[in-house]
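Below are the chains, spelled out letter by letter.
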Amino acid sequence: MEYLQSIGHIASDDIPNLELYMDQLTGFMDSHLTTIKRHPEDKVLTKTMINNYAKNKLLPPPDKKRYSREHILILLFIYYYKSILQLNDIEAILRPLKEKYFDGHGDAKLKDIYDEIFELEPAVKAKTLRDVSEMGVNAQETFKESDPRFQQLSDEDRKELQLFLFLCEIGTDIYLKKLLMEKIADQLHDIDLERQAAERASKMKK
């Protein structure tokens, strides 16, 4: 619980408002996302990853090999999603941000959209911590010695099974939310296909 409480996001004001070369970009991401790394030697983002994101149209191409603050904002969303969703789903989710608001286009700034989203982070985190705490309490009430099925369990085995059940509770929560995100991504894919079909039809009429 303390670990989850310690995790935060990169504030937009901490992102340099100047263009960075690849080595500067990976260094910035690595230093600011250290608390999220599973192992100290892990790399948050590598050159290969970033080039792959650009190749798969998740990330707009750099300007003369330099990346702007808006590139970093998009990369942060990619980083948060990449352990949950496939790259084509992330592309669908981020497409509106890239097409409508990247590089100063649109009626809102990408920085302001990022800030608006993360204003909700404290409330979401607090709810998640309450949910996880409740799951932990529920897990400790299982595999009781008073249950004839589990009377013969040793204390060590009982705790091990309670931990497994706790992990299953968390896994079910993640699984259901992942399915929901994939369903939304599918809808966004369909919307884009319909838009492309309409554009082709319009060109054929001309």
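Whatever comes next refers back to the structure up there.
Cut-off values and rules
Within each chain, residues carry numbers counting from 1 in the order of the written sequence. Where totals are concerned, whole chains, interfaces and linings use all residues; where local detail is concerned, this predicted model gives features only for residues with pLDDT of at least 70, and gives and counts side-chain atom pairs only at 80 or more. As a rule here, side-chain values come from all non-hydrogen atoms in the structure, and water together with hydrogens is ignored. Note on definitions: salt bridges are taken to be side-chain nitrogens of Lys or Arg within 4 Å of carboxyl oxygens of Asp or Glu. A run of H or I in DSSP becomes a helix once it reaches four residues, and a run of E becomes a strand once it reaches two; helices and strands are each numbered from the N terminus. For each residue, the accessible area found with a 1.4 Å probe, counting protein chains only, is set against the maximum for its type, and the residue is called buried under 20%, exposed over 50%, and partly exposed in between. Joining through side-chain atoms within 4.5 Å is the link that ties buried Ala, Val, Leu, Ile, Met, Phe, Trp, Tyr and Cys residues into a set, and such a set is a nonpolar core. Any pair of residues with heavy atoms lying within 4.5 Å of one another is described as a contacting pair. For Phe, Tyr and Trp, where Trp contributes only its six-membered ring, two rings pair if their centres lie within 6.5 Å, and the inter-plane angle classes them as stacked under 30 degrees, edge-to-face over 60, or tilted in between. Note on definitions: angles span 0 to 180 degrees between N-to-C directions of axes, and those axes are lines fitted to C-alpha atoms, for helices only across the stretch in contact. Small angles under 35 degrees read as roughly parallel and large ones over 145 as roughly antiparallel, with 65 to 115 read as roughly perpendicular and the rest as oblique. Rotating anticlockwise by less than a right angle from the far helix to the near helix defines a left-handed crossing, while the corresponding clockwise rotation defines a right-handed one. Throughout this entry, Asp, Glu, Lys and Arg are counted as charged residues, while Ala, Val, Leu, Ile, Met, Phe, Trp, Tyr, Cys and Pro are counted as nonpolar. The remaining residues, Gly among them, count as polar. Throughout, the protein atoms alone are placed on a 1 Å grid, and a set of points is a cavity if a 1.4 Å probe fits but cannot get out or a pocket if it is open with protein on both sides within 12 Å along at least five of seven lines; lining residues have an atom within 4 Å of a point. Grid points are joined across faces, edges and corners, and a volume is the space filled by probe spheres set on the points.

A. Spatial organisation of the pattern of salt bridges. Per the counting criterion, the structure on display carries 16 salt bridges. Among the salt bridges present, the one from Lys177 reaches Asp173, with a minimum N-O distance of 3.1 Å. In this pair, Lys177 and Asp173 are both assigned in helix 8 (residues 155-205), four residues apart and thus about one turn of the helix distant. With relative accessibility at 43%, the residue Lys177 sits in the partly exposed group. With a relative accessible area of 27%, Asp173 lands in the partly exposed category.

B. Geometry of the nonpolar core. With 32 residues, the main nonpolar core has Met29, Leu75 and Ile78 as its most contacted residues. Among the elements that make up this core, the one with the highest residue count is helix 4 (residues 69-81) (eight residues). If we ignore the near neighbours within four places in the chain, the residues touching Leu75 are Leu25, Met29, Leu45, Ile50, Tyr53 and Leu59.

C. View of the packing of aromatic side chains. Considering all chains together, one arrives at seven aromatic pairs under this definition. Considering the side-chain rings of Tyr114 and Phe118, the 4.7 Å spacing of their centres and the 45 degrees angle between planes classify their relative orientation as tilted. Placement of the pair is Tyr114 and Phe118 together in helix 6 (residues 110-118), with a separation of four residues, close to one helical turn. On the accessibility criterion, Tyr114 (0% relative accessible area) is buried.

D. Structural detail: the packing of helix 5 (residues 87-101) against helix 8. One can describe the packing of helix 5 onto helix 8 by two numbers: an axis separation of 8 Å at closest approach and a directional angle of 60 degrees. By the angle between their directions, the pair helix 5 and helix 8 is classed as oblique. Helix 8 is crossed by helix 5, and the crossing has left-handed handedness. Along its contact with helix 5, which presents Asn88, Asp89, Ala92, Ile93, Arg95 and Glu99, the element helix 8 presents Glu182, Ala185, Asp186, Leu188, His189, Asp192 and Arg195. Of the residues that constitute the contact of helix 5 with helix 8, the class distribution is four nonpolar, two polar and seven charged.

E. Quick peek at the layout of surface pockets. In this model, the largest pocket occupies a volume close to 2,100 Å³. In terms of lining, the largest pocket is formed by 35 residues, of which the most central are Leu4, Tyr80, Ile84, Val124 and Thr128. Mapped by element, the contributors of at least two residues to the lining of the largest pocket are helix 1 (2-6), helix 4, helix 6, helix 7 (121-140) and helix 8. Each residue belonging to the lining of the largest pocket can be placed in one class, and the counts come to 21 nonpolar, five polar and nine charged. Approximately 270 Å³ is the volume attributed to the second largest pocket. Taken together, 16 residues make up the lining of the second largest pocket; nearest its centre are Ser68, Arg69, Glu70, Asp103 and Gly104. At the level of elements, helix 4 and helix 6 are the ones that each hand at least two residues to the lining of the second largest pocket. A total of three residues in the lining of the second largest pocket trace back to one element, the largest contributor, which is helix 4.

Keep in mind these numbers describe shape, not what the thing actually does.
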